[in-house]
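The lines below spell out each chain.
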Amino acid sequence: MSNLVKKVKAWRGVSDRREDLSRSQYSLVSSGDLTAGALQLWLGLPDEVKYDPALEQFKQHYEKEHGGVDCTGLKPQSNGTTLSTRRLPCVASAPHLNNNFHILKEDVVFKEKKCTANGENEKKILEDDTKPKEKSKMVQVRHMIKLTILVAVWLFFTIVFLMYNEKEEITRYSSVAPEEVKSYVIKTNQDVRSLLVTLRGPFLSEQNEKKLDENDKLNRTVMSVWIEKWLVNNGTENVTPGNAINIQKAHPWAIVLDSEDKIDFTQGETRTSILHWVPEKENKNTVRTSSNHSVFAIRMSSSSNITTPFTLGYTVDPLDMSTGVIQSCILLCALYALIIFELINRTMAAVIVSTASLAVLALAGERPSLEEVISWLDVETLLLLFSMMLIVAIMSETGLFDFLAVFTFEVTKGKIWPLITLLSAITAILSTFLDNVTTVLLMTPVTIRLCEVMDLDPIPVLMSMVLYSNIGGTATPVGDPPNVIIASNKAVIQAGINFTNFTLHMTLGILLVCVQTYFQFRFIYRDVNKLRTNEPREIQDLRHQISIWRRAADSLPHLSRDELVVRERLERKVRKLTTRLDALVLESRRRACPKDCFETMLADMKTKYMIRDKMLLVKASVATVFVVLVFFLHSIPEFNRVSLGWTALLGALLLLVLADREDLEPVLHRIEWSTLLFFAALFVLMEALSKLGLIEFIGGLTEHVIFQVDESARLAVAITLMLWVSGITSAFVDNIPLTTMMVRVVTSLGNNPTLNLPMMPLIWSLSFGACLGGNGTLIGASANVVCAGVAEQHGYRFTFMQFFKIGFPIMLGHLVVANFYLLMCHCVLEWH
């Protein structure tokens, strides 16, 4: 039975160390073994070993026989022992043991292959690190290459902007009467190969149009649009089909009209299509001369019995999608190369690449105007970030974050994993109701302060916190921007998805993802030393003592009985110190500080970190409660009249009024302006990539693959494909424009009668993928970038690869768990 108990204790990491540590400090040497030879060996030991209490009887016996010993070279230690500053025996096989803080640097001399104990001045390998090191030629060459490439990129988009005009938005308003053919002549000198036509009018919605079969379409009224090429005389002023010498007609584009009783005062639907011009052979009787020229026209007709109004816009020869996708991939690769290899600042990289993307659009004839570029910025997100940064900056002056750090330290009793678990749980719960960017802004200062007082590395703890922020935001329609986009879509609302069933379905899957994330993160950091800035001082001192005693034992030869007696006692001391070390290491894996110093450290922290300005804290709390309360009211349609950004701004203004600051400069200096600029550049880049066709290409490819699958497995394939495509893509592309595009793909798949797919499982798949995929990379989600910006302001810099090595494997685990959950719910249980 005792053996079984010992095995169970060993499996739990508990041994009989308590008995070893509780024994009295009796002498390790009996008086009968103290011969003259043993005493002589004792005299040759290092002072820190010789005068240890464990060998006290050697000292007493020597003093009894020969008088006192010289102890002037010893320094008292906190544990009652004494250590000497003299040089210790060196170990050639383990030179790192020779470098300890008890040895004076000038007393230790190394050879190239062995360590000398007599202090001879032989060839040293210690170099003087105080001499300034000149930059190598290779470093200078790399710097010049980087500078040359960046200047070349600057020249590229500067020259393009000087040579190409801004795109002109051509919009015309007209109507087509029954049995009338309306013509609009395109005024261009170039040969038209294709035409991007945008129409807005009383058209049937795309979802309802896809539900019509072929017979229904034949019975519905349509509006037909096509391109014609006319050959006319140069002197002709009013170009019409009647005075054209030759006419060539392209294939028409048919748009189903809404019912005639809904055409008047309609809100209108927008339709976009690329009409390709395929040149035909001209009539043999047509004679081309220098007096003839070609004219292209857009022609429209309607089968309706009443006049059909419409708005027309067009672009000549739009960018080819295949070319645009290649260019988009090049731009994305350039951005990631600059960020991953840290060639330049992250914000600067985003600004340069986004500007280059505008130059690529200009080359394709799609250069946007400054007003259009500004419209691409997600002002709501930027306003939310700015306002919450302002609130947090003022709140930090009260000492609240320091106080919360001490409170968390006290609740978790200094234990590492309970601390990380508590921070992650609080972040996830807050993110379910608040925007995850807001949650990260509030929690990051607390986490950093807590890690600093506990000697923990803040970066891994912040990674865990931001991962759970994105996970928690996935559970509700208001927790993450992609969910807001999905839940506010008209087709999604018509499918019966509301706040309640959205939260219920997503929360069950998110709970599984939380469990997977916790165990995977804990496995990655199973060595808790990776979470520390350094090893606890007590463990360092104990390791140092063990190395001294072990070297002392190794220095004795295996010859006489006297040497064996002393060696045995030294080794017994080493075993005792090792047992104590194992106990401390086991405790340190669970705690941020030893149990005996927890109360002392807690008392010191409570004295040092306290609320500094209680009145300002009350004012900041009032503003924060207002913001949080209005955030909660967003789930009620009657109170959802003020956006998240405006709510945060109103709260920030309230706090500024209550704080009554005469000088705003100190507060504004703490705003993360570089983070705001990074987001602005990223919004421009992603919209440019969308214009180049990257996101549409991804959505179209997904839809095409689902169409190719057999109907019996189509739902499982659609769920899996939608989840993984949106998840992997949102790790590298901002999930806001991706969700905007993919929600249209999902609604079109759900409303397609030939596929016969339920829409709800596809919506859940998109939400899981777009939100959880942001955990894959540092720029995959807004919360990641905000957390990195705040941490960098506190002196802790994230790198892209640091986040990628942790976040991407965990993100893959997210998608595996979510995929299993969705397949079980909808392919096995048929929850929908």
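About the thresholds
Residues numbered from 1 in each chain as written. Predicted model: local features only at pLDDT ≥ 70, side-chain atom pairs only at ≥ 80, totals over all residues. Heavy atoms only, no water. UniProt positions renumbered as here; feature names shortened; annotations may be inferred. Helix = DSSP H or I, 4+ residues; strand = E, 2+ residues; numbered from the N terminus. Buried < 20%, exposed > 50% of the residue type's maximum accessible area, 1.4 Å probe, protein only. Areas by Shrake-Rupley, 256 points an atom, 1.4 Å probe, with all protein chains shown as cover. Axes fitted to C-alpha atoms, helices over the stretch in contact; angles between N-to-C directions. Parallel < 35°, antiparallel > 145°, perpendicular 65-115°, else oblique. Left-handed = near helix turned anticlockwise from the far one by under 90°. Contact = heavy atoms within 4.5 Å. Nonpolar A, V, L, I, M, F, W, Y, C, P; charged D, E, K, R; others polar. Pairing = 2+ DSSP bridges. Core = buried A, V, L, I, M, F, W, Y, C linked by side-chain atoms within 4.5 Å. Patch = residues over 30% accessible without salt bridge, like charges linked within 9 Å, V, L, I, M, F, W, Y side chains within 5 Å. Salt bridge = Lys/Arg side-chain N within 4 Å of Asp/Glu carboxyl O. Phe/Tyr/Trp six-rings, centres within 6.5 Å; stacked < 30°, edge-to-face > 60°.

Under the annotation held in an unreviewed UniProt entry, the chain carries the name Citrate transporter-like domain-containing protein and is attributed to Arctia plantaginis. Its UniProt record gives the chain the following Subcellular location (unreviewed entry) comment, quoted word for word: "Membrane".

### Regarding the overall build of the chain
Tallying secondary structure elements over the chain gives 32 helices and 11 strands in all. Scored against the burial criterion, the 832 residues of the chain give a buried share of 48%. Of the roughly 42300 Å² of accessible surface on the chain, 58% is carried by carbon and sulfur atoms.

### Structural notes on the packing of helix α9 (residues 321–340) against helix α26 (residues 673–691)
Angle between the axes and distance between the axes are the two parameters that describe a pair of packed helices. The geometry of α9 relative to α26 is characterised by a closest axis approach of 10 Å and an angle of 155 degrees between their N-to-C directions. With respect to their mutual orientation, α9 and α26 come out roughly antiparallel. For α9 against α26, the interelement crossing comes out left-handed. Contacts between α9 and α26 involve Ser328, Leu331, Leu332 and Leu335 from the first element and Leu682, Leu685, Met686 and Leu689 from the second. For the contact of α9 with α26, the per-class residue count stands at seven nonpolar, one polar and no charged.

### As for the pairing of strand β6 (residues 222–233)
Most of β6 is tucked away: 11 of the 12 residues are buried. Across four bridges, the pairing between β6 and strand β8 (residues 253–256) is antiparallel. For Met223, the partnering residue across the bridge sits in β8 and is Ile255. Bridge count for β6 against strand β10 (residues 292–302) is 11 bridges, and the pairing is antiparallel. Its bridge partner being in β10, Trp230 is matched across the sheet by Val295.

### Things to note about the nonpolar core
Core analysis: the biggest nonpolar cluster contains 160 residues, and Leu335, Phe768 and Phe798 have the highest contact counts within it. The residues touching Phe798, leaving out its near neighbours within four places in the chain, are Ile459, Leu462, Met463, Leu778, Cys787, Ala788, Ala791 and Phe803. Val176, Val197, Leu257 and Phe310 belong to the second-largest nonpolar core, a separate cluster that totals 23 residues.

### Structural notes on a nonpolar patch on the surface
A contiguous nonpolar patch, built from Met144, Leu147, Val151, Trp154, Leu155, Phe156, Ile159, Leu162, Met163, Tyr164 and Leu363 and spanning about 1100 Å² of accessible area, is present on the exposed surface. Here the element with the most residues in the nonpolar patch is helix α6 (residues 137–163); it accounts for nine residues. Within the secondary structure, Met144 sits in helix α6. Residue class for Met144 comes out partly exposed when judged on its relative accessible area of 48%.

### Some words on the packing of aromatic side chains
Per the counting criterion, the structure on display carries 15 aromatic pairs. When the ring of Trp417 is compared with that of Phe521, the centres are 6.3 Å apart and the planes differ by 85 degrees; the resulting orientation is edge-to-face. With Trp417 in helix α14 (residues 416–433) and Phe521 in helix α19 (residues 499–524), this pair connects stretches of sequence that are 104 residues apart. The buried category is assigned to Phe521, whose relative accessible area is 3%. Seen from their ring centres, Phe732 and Phe808 are 6.2 Å apart, and the 55 degrees between their planes marks the pair as tilted.

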